[in-house]
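# An overview of the molecular structure
One-letter residues, chain by chain:
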Protein chains: 2
Amino acid sequence: MQENVEFSGFTRIRRVAPIAVDTHGGRAKCLQRLIRLDFPVPETVALSFDAVHRIAEGQRPDAKALLRHFSEKTLVSVRPSSQVPDWGGPGAILNIGMNHDRHAELIESHGKKAADALYLRFVQAFAIHVARLDPEMFELDKGELTLEAALQAYEDETDEEFPQDVGTQLTEVLRSMARAWGGTTARLLRQAKGAPADAGLGLVVQEMSLGLGPAESGSGVIQFVDGVTGQPQITGRYASQCQARDALSQPEGAMFLTRDQRGPSLQELCPDIFDDLVRYGAVCRTKLREEMQIEFTIEAGKLAILDAVRVHRSARAAVRIAVALGQDGVITHDDAISRIPPRSLSELLHPQVDPGAKRDVIVTGIAASPGAAVGKVAFSSSCAQAMAARGEPVILVRRETAPEDIRGMHSSVGVLTERGGMTSHAAVIARGLGLPCVVGASMMSLNRREKSLRVPDGRVLHEGDTITLDGTSGQVLVGEVPMLGASLDGPFHTLMEWADERRDIGVRANADTPVDATVARNFGAEGIGLCRTEHMFFEGERLTVMREMIFTDDPDDRAAALARLLPMQRKDFIELFRIMSGQPVCIRLFDPPLHEFLPSDREGMRELAEALNVPLSTVTRRIDALSEFNPMLGMRGVRLGITVPEIYDMQARAIFEATAEASRSGDAVVPEIMVPLVSAMREVELVKSRVDAVAAAVRIEKRCGFDYKLGVMVETPRAALRAGEIAQFSDFLSFGTNDLTQMTYGLSRDDAGRFMGAYVNLGVYAEDPFHTLDIEGVGELLMIGAERARTAAKGITVSICGEHGGNPESIAFCRAAGFDYVSCSPFRVPVARLAAAQLALKQTV
Amino acid sequence: MQENVEFSGFTRIRRVAPIAVDTHGGRAKCLQRLIRLDFPVPETVALSFDAVHRIAEGQRPDAKALLRHFSEKTLVSVRPSSQVPDWGGPGAILNIGMNHDRHAELIESHGKKAADALYLRFVQAFAIHVARLDPEMFELDKGELTLEAALQAYEDETDEEFPQDVGTQLTEVLRSMARAWGGTTARLLRQAKGAPADAGLGLVVQEMSLGLGPAESGSGVIQFVDGVTGQPQITGRYASQCQARDALSQPEGAMFLTRDQRGPSLQELCPDIFDDLVRYGAVCRTKLREEMQIEFTIEAGKLAILDAVRVHRSARAAVRIAVALGQDGVITHDDAISRIPPRSLSELLHPQVDPGAKRDVIVTGIAASPGAAVGKVAFSSSCAQAMAARGEPVILVRRETAPEDIRGMHSSVGVLTERGGMTSHAAVIARGLGLPCVVGASMMSLNRREKSLRVPDGRVLHEGDTITLDGTSGQVLVGEVPMLGASLDGPFHTLMEWADERRDIGVRANADTPVDATVARNFGAEGIGLCRTEHMFFEGERLTVMREMIFTDDPDDRAAALARLLPMQRKDFIELFRIMSGQPVCIRLFDPPLHEFLPSDREGMRELAEALNVPLSTVTRRIDALSEFNPMLGMRGVRLGITVPEIYDMQARAIFEATAEASRSGDAVVPEIMVPLVSAMREVELVKSRVDAVAAAVRIEKRCGFDYKLGVMVETPRAALRAGEIAQFSDFLSFGTNDLTQMTYGLSRDDAGRFMGAYVNLGVYAEDPFHTLDIEGVGELLMIGAERARTAAKGITVSICGEHGGNPESIAFCRAAGFDYVSCSPFRVPVARLAAAQLALKQTV
């Protein structure tokens, strides 16, 4: 026990004192900066991380020595000063030094009310946070608890008089704050925000500027931009006769800062002080290079600046502030880029539920695709389409979605499913479409027959009822809730331009439809990195033709069905090529197992039998024959391409005919054809030889000398291991990390939901590998594949096109591994562009 | 064109001529050996591979020079001499040199009949094989085609006289034989037998010993062991007035070799020649170190040895012959080991359809598990059990089998399925049980409702009909066909003992049941490398308890169900430990998804609802909730072990209690516990900590200080990549190559059947990777995993326990990679032991 060892370890903050963020915390450092700017900051002493750590360990601070820095009868406050403000810390404690003697003196100088208030505030804080007494006894509303009652309660609970020695008061406060930092909850909370296990806490002890008493006294906060929009605007509050930030929490008596018709303002009350504050704000902005919120006190007409903190801001405001600082030359463009967390951009790209709106949450699921939408509930894709046709916004609610729901999803403004995880079908498609989406809302119970939805509190929703879906938070709200629109304004585009100047890895989008492609263009994608073609076969008439093709055993009939699909596919591609106007478009050949195109319920089978004019038994037998134990690992991708080569032949022809057509009327198109689910070199060799033959034929027929590229989607561990030989037949390799993750873990993303939560909680997996790229396992396969491919075929293009493509961590990995580009869903393109720029900057430094 | 360049390139075979197998082929070399042994071999000239190659390329051999080696009026034969007899070659052509002049002379010396026969034989062979005329015109039965008609037909077809110049005759024969070697069919056939693309052909030109003519003339073959049993016995045939091997194909007139009551014999006819032949046979055996079949001719009472070839033999005979040669000191034990192809042992371990029996094949499928069985058809497991209970042999016929068919399979003598491939459930289990099995017999059509089976030719079988299943050939025969029994005789055991002396990698067996374990012991397995525990839960009462456990949400009820399973499991393990008497037993913890234990049809669900006394809807809902998109990649293995830890707790307890019990009454047991489907280190860490706790508890309860090992089944690519960290918590790693192959390829073995045939035919995969270990892909993961594990944890045991474990190629790979043992199905253990010994010997050389 070192209980009795006294030590100091504190530093008076002056212009030249040795104060640093990583030894004393951000607040201490900021206060030193303010002092250097000649702001009227009261005397302040900083305790280092080390000092606080020793206090927590049981060493006794030399409070007497500390107090010697202050004038004898001064009250002091103690505030936390952690390395990063976000990591939190114990609450501030004010008015340390109040005791019966000071109380008596202050009655004389400041009046009884002020003296009582000052003492009571300290007794309350000390009782609750230092002596750990029952908060209920001390947290009564202002006015209901008198100073005397509080002191009595303290004595009753502790059997001791309230400590009168200022040194003891300060020692106990420091000790309690030091220990609070080591508490489990505090530790977990800050670690969740990225703090290391040994993160330190600093403390600052500051002379109180009271804010209570005779003449104009009070306190307030002021900032010079709006925290939601980022527009320049003086906001804040001031209230006479109050301490700290009370003006914000107790609006009665608080006044405006600038002259305002609605009531009194600081500008009118103390014009000089107001002017000083405005001047200080401007100095902060240029010297601290940031928009700061200033906490100030007026004691008997004299201004004191207690603190300045970064203005709390929305993602939208953050972008506007950073860009404005950059444009004003306060910071460099690179600094502006570095200041925006890439993921926060999602908030700008989608409408959001107004943070101020009242939320009647009926169920919460996994926030699978950001943004919010208001719409009417539909329980089937057909119903969704019908409602959309009537011009009604629809939210599709399903147990889970399947490929045949694509049209229903296209018709909807949001998607809600009972099952599934971050990478379920619904989640993936919704992110691609930019639809808000909540999945895995397993607490609700869907009754498809009665077309009703029972939510946990017992309420039942019916088809047509209006709900608001918040895909950013995962909440489902009943009724229509006010929204904030997307904000792709000037500053956003400016930031993106700056980012692109620094970025050194390409960013493409995964886009299957003209709508996707248009969004991708608008968000600055440099081409399409993954165009899945199978969705194209689910639309109306096409599905029927597909099914005819699947059902025939006669090669001629199959050829006839494919011939009918050809012009539709060609049209799809012409449209995509036109939208992307010369940018690369990477088209993945047909991938899913054929049974995905067949109905799964009895009714659908009966309809199909009628449509094809065959007996029901033929339909069921065929479906039965095509069914698979593990469809993920079955007859799909290139396996289908080799076994039924006519499908790829048709697709290649559609691509090349579209190339010829689009190149005639616009920029020359160089399509990229990607072969899915490869596991052996010879698969590529075989497909390539047929595709080459189709290209040669189309070149002659259309008298058009187009080029094209053929490459491989690396989705199996074996393709990664054998990338060297596969590269010999490939112009590019694109890692499909969704399937690659499934196969590397032996884990189906559709089935992982049942235990993934438990797994992440138990720390079995550090993260859901479908959400965050598994660098150790899947990542190693990416490295092996890329290296072997490049050794075998210098100059081969290497990229990633899985769901991970838009994650900053994955981009960092791909950039470090020398990948040429990442491809992600259109709505993540700006995130990726910014993240990539930041990575490039980090490396420059 | 080098048409006109003449060259020689032939060597007269003498004792010291430069003749080698890899320049002149095996026949030429063998003939030289016979000459060295002073056998009466007629004058022979060998053409080298190079010479034959040049002839095929168009160069003209110097036939005149060649013929100078023979006396002027001699007829000659030409025979192929490939490097390995199995690689084939064109048929021999005899009597070259016959023309009108020789014919006239031979009429004088040998009579018209002999002269005509000699000339006709040559004209026929020349017309068909050299001039390539229509065989139908020349292949009439003996006696129906006269010499004159043949010569006339030749002239009619070619518009040329039959060639009279001997040099021309020989040149054309050599050229046609040289070119036949390069033909596509011949090339593919020999490559299928392992010949390299550039395999050469040699030819031998030998003076004819005619076998026709005055005094005793004729020809025959003789060998000194039985080709089926390998027992010493003189067999063969001789016939007067015939050439080559005609005595074998034309039994009329052929005689016995040894004195025989049934008819005339060579021993009686020419006792001196017979004695010479017996002497030559004995010399062959000791000097050529092999049992040879001798081809001989008698011309006018004079013996000529034309050739000697290795006696064609069954696997059983091969073993007996090799062991006898070894025991007699003719060859070393190592030579004996090397002479038996390991895979051929399968033939010894199972009963086989008598090769001589008449086969009425009704359908052919994939030969999935070797051996043959006769039994009555049963279309369901329950029917199979009922029939077996009546003592009737049953062949279970199913569309495909599922885990609930285990008991039916146990009751059957063979399994036939309509679907599936080499690694389908039926195939894997049948191999494990040593049951003959044919899968993927897709041409038959099973009607479960009518309990009938329609085969391709329209016949319909009903329950109870008798069939014979040949799992070695994949054929299904109607009725009862005669069989040969298994032959685990003395020579087999001797060979295995010799092999074990050389073997330097362990061989264990995959064995789940006492029956398996007993077979494994009998076949010399050094322990159990994989004991799957899930099968134990499908039996009778256990299945019901399992289902109760699956259906309860109440932890207490679950604990109660598991408590009922505990003693059953304990009994299983005690029995296994006793059978293996101290040898290691590696028990894999519970692996399959829970839904495998639930019924899949409506009827079964209704029964279950009744049994559990819950509404049907509860059953269907639960089954629905547990159903998975890709069960292979779902909630199974260690994922289940971590999510429902009570199951592994119960199993660990059962294992340890059984260990205590079995160790008390026998050898000390050190059980090995294997965790399935691991993909992350922490999974192992978590399971290990619980298992350790159970062990500690049981040690105290039972006052027994047993040891145990805990290890990991490496089945996911990620586990292989992360083997280094996984090894820190593991005593052993065992690669489960079945699942590892599935995940590395992204290919479900249950679904691969639909295209695997096409894939192997197209050369997309060189081999079915579920059948032959994919060295390039899966093999690399094995190497990576083993290396990393050993670097991290020196002395860790590394093994393989997938289906590949018994394949000689996989054993070679594992041995080279330094694995400690392979584990395979019990019936492959002898194959593995022999293969491993051969590999060790190869390395010594």
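Everything numeric in this text was worked out from a predicted model, so none of it was measured.

## A look at the overall build of chain A
Assigned secondary structure in chain A consists of 35 helices and 33 strands. Overall, chain A is about 105 × 60 × 60 Å in size when its C-alpha atoms are taken along their principal axes. Within the span of chain A, comprising 845 residues, buried residues form 58% of the whole. Within the structure as shown, chain A displays about 33700 Å² of accessible surface, and the carbon and sulfur contribution to it stands at 49%.

## Section: a negative patch on the surface
Residues and elements named next belong to chain A. Together, Asp134, Glu136, Glu139, Glu155, Asp156, Glu157, Asp159, Glu160 and Glu161 line one region of the surface with negative charge. For the negative patch, the element with the most residues is helix 8 (residues 147-158), which contributes 3 residues. Relative to the assigned elements, Glu155 resides in helix 8.

## Topic: the sheet that holds strand 32 (residues 797-800) of chain A
Residues and elements named next belong to chain A. The parallel closed barrel is built from 8 strands, whose spatial order is 26-27-28-29-30-31-32-33. Averaged over all neighbouring strand pairs, the angle between strand axes comes to 25°, with direction disregarded. As judged from the 4 bridges shared by strand 26 (residues 506-510) and strand 33 (residues 821-824), these two strands associate in the parallel manner. Within strand 33, the position partnered with Ala509 by the bridge is Cys824.

## Side note on the relation of the copies chain A and chain B
Each copy superposes on the other: chain A lies on chain B with an RMSD of 0.2 Å after a rotation of 179° and an axial shift of 0.0 Å. The transformation just described matches what one would write down for a two-fold rotation axis. By residue overlap, the copies meet face to face through one surface: 100% of the interface positions of chain A are interface positions in chain B.

## Regarding the environment of A:Cys824
Residues and elements named next belong to chain A. You can see Cys824 is positioned in strand 33. When its relative accessible area of 1% is taken as the criterion, Cys824 is described as buried. Excluding anything up to four places from it in sequence, Cys824 contacts Arg508, Ala509, Asn510, Gly805, Gly806, Val829 and Ala832.

## Brief notes about the interface of chain A and chain B
In this complex, chain A contributes 50 residues to the contact, which on the side of chain B involves 50 residues. Taken together, the two surfaces of chain A and chain B that pack against each other cover about 4800 Å², and 52% of this comes from carbon and sulfur. Summed over the shared surface of chain A and chain B, the result is 10 salt bridges. Note that A:Arg722 and B:Glu776 form a salt bridge whose closest N and O atoms lie 3.4 Å from each other. Linking chain A with chain B are 32 residue pairs in polar contact (both at pLDDT 80 or more). Contributing elements (two or more residues each) for the side of chain A that touches chain B: helix 25 (616-626), helix 26 (638-643), helix 28 (681-702), helix 29 (717-721), helix 31 (737-745), helix 32 (749-761) and helix 33 (778-792) of chain A. Sorting elements by how many residues they give to the side of chain A that touches chain B places helix 32 of chain A first, with 5 residues. Considering only residue class, the side of chain A that touches chain B consists of 22 nonpolar, 10 polar and 18 charged.

## Quick notes on the packing of helix 3 (residues 49-57) of chain B against helix 9 (residues 166-181) of chain B
All names here are of chain B. Closest axis-to-axis distance for the helix 3/helix 9 pair is 8 Å, and the angle between their directions is 95°. Relative to helix 9, helix 3 is oriented roughly perpendicular. Residues Val52, Ile55 and Ala56 of helix 3 pack against Leu174, Arg175, Ala178 and Arg179 of helix 9. Residues belonging to the contact of helix 3 with helix 9 are distributed by class as follows: 5 nonpolar, no polar and 2 charged.

## Focus on the nonpolar core
Grouped together as the largest cluster of nonpolar side chains are 292 residues, with contacts concentrated most on A:Phe656, A:Phe819, B:Phe656 and B:Phe819. Excluding anything up to four places from it in sequence, B:Phe819 contacts B:Ile505, B:Phe735, B:Leu782, B:Ala786, B:Arg790, B:Val798, B:Ser799, B:Ile800 and B:Cys814.

Rules used in this analysis
- Residues numbered from 1 in each chain as written.
- Chains lettered and ligands numbered in written order.
- Predicted model: local features only at pLDDT ≥ 70, side-chain atom pairs only at ≥ 80, totals over all residues.
- Heavy atoms only, no water.
- Helix = DSSP H or I, 4+ residues; strand = E, 2+ residues; numbered from the N terminus.
- Buried < 20%, exposed > 50% of the residue type's maximum accessible area, 1.4 Å probe, protein only.
- Areas by Shrake-Rupley, 256 points an atom, 1.4 Å probe, with all protein chains shown as cover.
- Patch = residues over 30% accessible without salt bridge, like charges linked within 9 Å, V, L, I, M, F, W, Y side chains within 5 Å.
- Salt bridge = Lys/Arg side-chain N within 4 Å of Asp/Glu carboxyl O.
- Lys, Arg positive; Asp, Glu negative; His and termini not counted.
- Charge placed at Lys NZ, Arg CZ, Asp CG, Glu CD.
- Pairing = 2+ DSSP bridges.
- Axes fitted to C-alpha atoms, helices over the stretch in contact; angles between N-to-C directions.
- Least-squares fit on C-alpha atoms with pLDDT ≥ 70 in both.
- Contact = heavy atoms within 4.5 Å.
- Buried area = accessible area lost by both parts, 1.4 Å probe.
- Polar contact = N/O pair within 3.5 Å; in protein donor to acceptor, adjacent residues only side chain to side chain.
- Nonpolar A, V, L, I, M, F, W, Y, C, P; charged D, E, K, R; others polar.
- Parallel < 35°, antiparallel > 145°, perpendicular 65-115°, else oblique.
- Core = buried A, V, L, I, M, F, W, Y, C linked by side-chain atoms within 4.5 Å.

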